[in-house]
Amino acid sequence: MNTFALAKRTGAATPDVAGFFDPRTFSVQYVVSDPATRRCAIIDPVLDFDEKAGATATHHADELLAYIDKEGLTVEWILDTHPHADHFSAAYYLKEKTGVPTAIGQQVTQVQSLWKDIYHWPEMPTDGRQWDTLFAEGDTFQIGELSGRVMFSPGHTLASITYVIGDAAFVHDTLFQPDFGTARADFPGGDAKALWHSIQQILTLPEANGKRYLKVPLDALAGAAWD
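For clarity, every value in this text was computed on a predicted model and none was experimentally measured. (Residues numbered from 1 in each chain as written. Predicted model: local features only at pLDDT ≥ 70, side-chain atom pairs only at ≥ 80, totals over all residues. Heavy atoms only, no water.)

Draft legend 1. Quick peek at the nonpolar core. Counting 20 residues, the largest nonpolar core has Trp77, Leu79, Phe135, Phe141, Tyr163, Ile165 and Phe170 as its most contacted members. When contributions to this core are tallied by element, the ones reaching two or more residues are strand E2 (16-22), strand E3 (27-34), strand E4 (39-43), strand E7 (74-79), strand E11 (140-143), strand E12 (146-152), strand E13 (161-165) and strand E14 (168-170). When residues no more than four places from it in sequence are discounted, the contact partners of Phe135 are Trp77, Leu79, Ala103, Ile104, Gly105, Gln106, Phe141, Val150, Ile161 and Tyr163. (Core = buried A, V, L, I, M, F, W, Y, C linked by side-chain atoms within 4.5 Å. Buried < 20%, exposed > 50% of the residue type's maximum accessible area, 1.4 Å probe, protein only. Helix = DSSP H or I, 4+ residues; strand = E, 2+ residues; numbered from the N terminus. Contact = heavy atoms within 4.5 Å.)

Structural data, given as structure tokens:
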């Protein structure tokens with residue numbers, strides 16, 4: 001897994017951001033920290049999965065924990081931006097290791113209802129109980145002295161949200177690097193029109209929130225913050 005620093009403190013509202021790129025799923029995981037208090041959040045952690053063996057592992061999640069320990073950080077949140085189709089979430093494993101709450105957007109219950117029917121899984125809970133907190137549009141939270149808020153940004157999935165933390169916005173799969181474009185909207189519950197409106201909302205964030213940390217191609221790792 002490749003690790004790269006996307007931002008270091010340049011002002012009171014600027015988090016330190018480290019990205020961890022998994023080339024197997026082409027996913028970026030983030031550790032977002034407040035330089036003043038050394039408190040942090042983990043965003044979109046990956047649980048390793050071997051399809052041929054039907055086995056899971058925690059190598060990527062353990063690398064996040066090793067980084068957090070090396071940097072002397074304290075985890076306050078484990079945040080998912082949406083239910084992922086390209087990888088499992090390591091949120092539950094990291095909660096067991098850290099004891100901190102997990103969170104996702106409250107519309108995850110709609111996605112779960114779709115999955116329950118698609119996968120013929122009548123016993124599947126569809127109330128979002130797999131996470132501790134279900135965020136709604138406009139909800140706020142703290143990471144040390146940094147303020148975070150939630151933007152509902154559907155289109156890729158019914159449940160996609162953006163985390164605006166300090167002067168950075170974590171836009172999940174809504175926007176990629178310019179040469180990659182936008183997310184797909186053909187999953188169950190996806191909607192290209194909703195995705196368009198979500199992108200317009202993200203692009204209206206004030207200039208101070210102009211850093212958008214995205215999934216990136218391998219050759220863009222050195223410049224993954226797109227201003």
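Right, picking up where we left off after that structure.
Draft legend 2. Representation of the pairing of strand E5 (residues 46-50) within the structure. The pairing of E5 with strand E8 (residues 88-89) spans 2 bridges and is classified as antiparallel. The residue bridging Val46 from the neighbouring strand is Ser89, located in E8. Two elements, E5 and strand E6 (residues 55-57), share 3 bridges in a ladder whose sense is antiparallel. In the strand pairing of E6, Asp48 is matched with Ala57. Linkage of E5 to E6, two consecutive antiparallel strands, is achieved through a turn of 4 residues, within which Gly54 is found at a positive phi near 65°. (Pairing = 2+ DSSP bridges.)

Draft legend 3. Spotlight on unusual backbone geometry. Its identity is not glycine, yet Arg38 carries a phi of approximately 65°, on the positive side. By the secondary structure assignment, Arg38 is in the loop between E3 and E4. Looking at Arg38, the relative accessible area reads 27%, which means it is partly exposed. Even without being glycine, Asp44 reaches a positive phi, approximately 55°. Looking at the element boundaries, Asp44 is found in the loop between E4 and E5. Residue class for Asp44 comes out buried when judged on its relative accessible area of 7%.

Function cannot be read off these values alone, since they describe shape.
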